[in-house]
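# Descriptive analysis of the structure
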Amino acid sequence: MNAPSAFVPFSPVWHAELDLAYARAGDATRPVRRRHAGPLRVQKHLYPEGPRVCQHILVHPPGGIAGGDRLEIAAEVGNGAWAQLTSPGAAKWYRAAAPATQRLRLRVAAGATLEWLPQETIVYSAAQAELATRIELEGDARLFHWDIVALGRPASGERFAAGRYRAALDIRRDGRLLWHECQRLDGGDGLLDSPVGLDGAPVFATLLASGEIDAELLARCRELPGRVRGDLTQLPDLLVGRCLADQALDARAWLIDLWRLLRPALLGRDALPPRIWST
């Protein structure tokens, strides 16, 4: 028997979509749409704070994102509803010969609240990660959003020596641009170690929360202890926090401490960390 002239390895590619919607029903928030295609799911809806806040945990069963994968996530929070979305663990972007993409679209109606609180994103060396997020706020909609990115695997001593990370974020209120940001980092780039870049820190995190706080609370936030280099800036209708860290756990701890202080002031509820963060 003649052997085939060429062997083409099987390389599965995941195209996954998740479409969620939430609505106010009396004093409760209820999921009213939960459509998915491919390996993206949410676990059952949880109400650790009572019926007002609906908590969902987004799950990507393959456990990592490889070259050619495409994830599409959309969530809509209707008038007066409150959704809190998080993840069970880190999102891992593996080394790849082709780009992998994630598109996130969030819409928050007037009187509604969205907390987008995922755990960290780990971008392996030689990964090709491309992310785009668009958030639309209507009227007095409220948003608490954070993002934690680890380049390479600091705990294993792996530096981000090859590959690329691309991310774009737009936040608008009633069509007016509140925040626009593009991040472009290449493996081995001088910005990774430059004082005007990441200054050698493999982890960076961003917090964006709608609304404004007073000078006293801003000072308390800035005085929080932690193993990060971080600070906050109050812009019109938007609070921005940034930090650099050596470990993702340190960045996450800092963000959670900020959330504990800011949630009562900006959202009117004490902060109750999701149980999944402790597992």
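Details of the structure are given in the entry above.
Throughout what follows, the structure given in this document is the object of discussion.

The rules behind each value
- Residues numbered from 1 in each chain as written.
- Predicted model: local features only at pLDDT ≥ 70, side-chain atom pairs only at ≥ 80, totals over all residues.
- Heavy atoms only, no water.
- Helix = DSSP H or I, 4+ residues; strand = E, 2+ residues; numbered from the N terminus.
- Rg over C-alpha atoms; globule rule 2.2 N^0.38 Å.
- Buried < 20%, exposed > 50% of the residue type's maximum accessible area, 1.4 Å probe, protein only.
- Contact = heavy atoms within 4.5 Å.
- Areas by Shrake-Rupley, 256 points an atom, 1.4 Å probe, with all protein chains shown as cover.
- Lys, Arg positive; Asp, Glu negative; His and termini not counted.
- Charge placed at Lys NZ, Arg CZ, Asp CG, Glu CD.
- Pairing = 2+ DSSP bridges.
- Axes fitted to C-alpha atoms, helices over the stretch in contact; angles between N-to-C directions.
- Salt bridge = Lys/Arg side-chain N within 4 Å of Asp/Glu carboxyl O.
- Core = buried A, V, L, I, M, F, W, Y, C linked by side-chain atoms within 4.5 Å.
- Parallel < 35°, antiparallel > 145°, perpendicular 65-115°, else oblique.
- Left-handed = near helix turned anticlockwise from the far one by under 90°.
- Nonpolar A, V, L, I, M, F, W, Y, C, P; charged D, E, K, R; others polar.

## With respect to the overall build of the protein
A tally of regular secondary structure across the protein gives two helices and 17 strands. In terms of overall dimensions, the protein is globule-like: its C-alpha atoms have a radius of gyration of 20 Å, near the 19 Å expected for 279 residues. Looking at the protein residue by residue over its 279 residues, the buried ones come to 49%. Long-range pairs, those at least 24 residues apart, make up 71% of the contacts in the protein with a sequence separation of at least 6. Of the roughly 13,300 Å² of accessible surface on the protein, a fraction of 52% belongs to carbon and sulfur atoms. In the protein, 34 side chains carry a positive charge and 32 a negative one; their mean positions are 6 Å apart.

## Let's talk about the sheet that holds strand β8 (residues 100-108)
Strand order in this open sheet of seven strands is β2-β1-β5-β8-β11-β13-β14, and the pairing throughout is mixed. Each of the sheet's edge strands pairs with one partner strand only, and the pair in question is β2 (28-37) and β14 (176-186). This sheet shows a mean twist of 10° between the axes of neighbouring strands, independent of strand direction. As judged from the nine bridges shared by strand β1 (residues 15-25) and β2, these two strands associate in the antiparallel manner. Of the residues in β2, the one forming a bridge with Leu18 is His36.

## Comments concerning the pattern of salt bridges
In this structure the tally under the stated criterion is 19 salt bridges. Of the charged contacts in the structure, one is a salt bridge between Glu120 and Arg252, with a shortest N-O distance of 3.8 Å. Separated by 132 residues along the polypeptide, Glu120 in the loop between β9 (113-117) and β10 (121-123) and Arg252 in helix α2 (residues 248-267) bring together distant segments of the chain. With respect to burial, Glu120 and Arg252 carry one shared label: buried. Between Arg242 and Glu181 there is a salt bridge, with the nearest N and O atoms lying 2.9 Å from each other. Of this pair, Arg242 sits in strand β17 (residues 238-245) while Glu181 sits in strand β14; the two residues are 61 residues apart in sequence, bridging distant segments of the chain. For Arg242, a relative accessible area of 32% translates into the label partly exposed. Residue classification places Glu181 among the buried positions, given a relative accessible area of 12%. One connected set of salt bridges, linked through shared partners, spans Asp19, Arg33, Arg35, Glu76, Arg107 and Glu138.

## What about the nonpolar core?
Counting residues in each nonpolar core, the largest one holds 50 residues, and the members touching the most others are Leu151, Tyr165 and Ile171. Counting 37 residues, the second-largest nonpolar core is a separate cluster that includes Val53, Val59, Trp146 and Ile213.

## Some remarks on the environment of His15
The topology assignment puts His15 in strand β1. Residues His15 and Gly68, 53 residues apart in the sequence, show an inter-C-alpha distance of 8.4 Å. The contact partners of His15, leaving out residues within four places of it in the chain, are Ala37, Gly38, Pro39, Gly68 and Arg70.

## Quick word on the packing of helix α1 (residues 215-222) against α2
Look at α1 against α2: their axes get within 10 Å of each other, and the N-to-C directions meet at 165°. With respect to their mutual orientation, α1 and α2 come out roughly antiparallel. Along this stretch, α1 crosses α2, giving a crossing that reads as left-handed. Within the contact between the two elements, α1 uses Leu217, Arg220 and Cys221 and α2 uses Leu258, Leu261, Leu262 and Ala265. A breakdown of the residues in the contact of α1 with α2 according to their chemical character gives six nonpolar, no polar and one charged.

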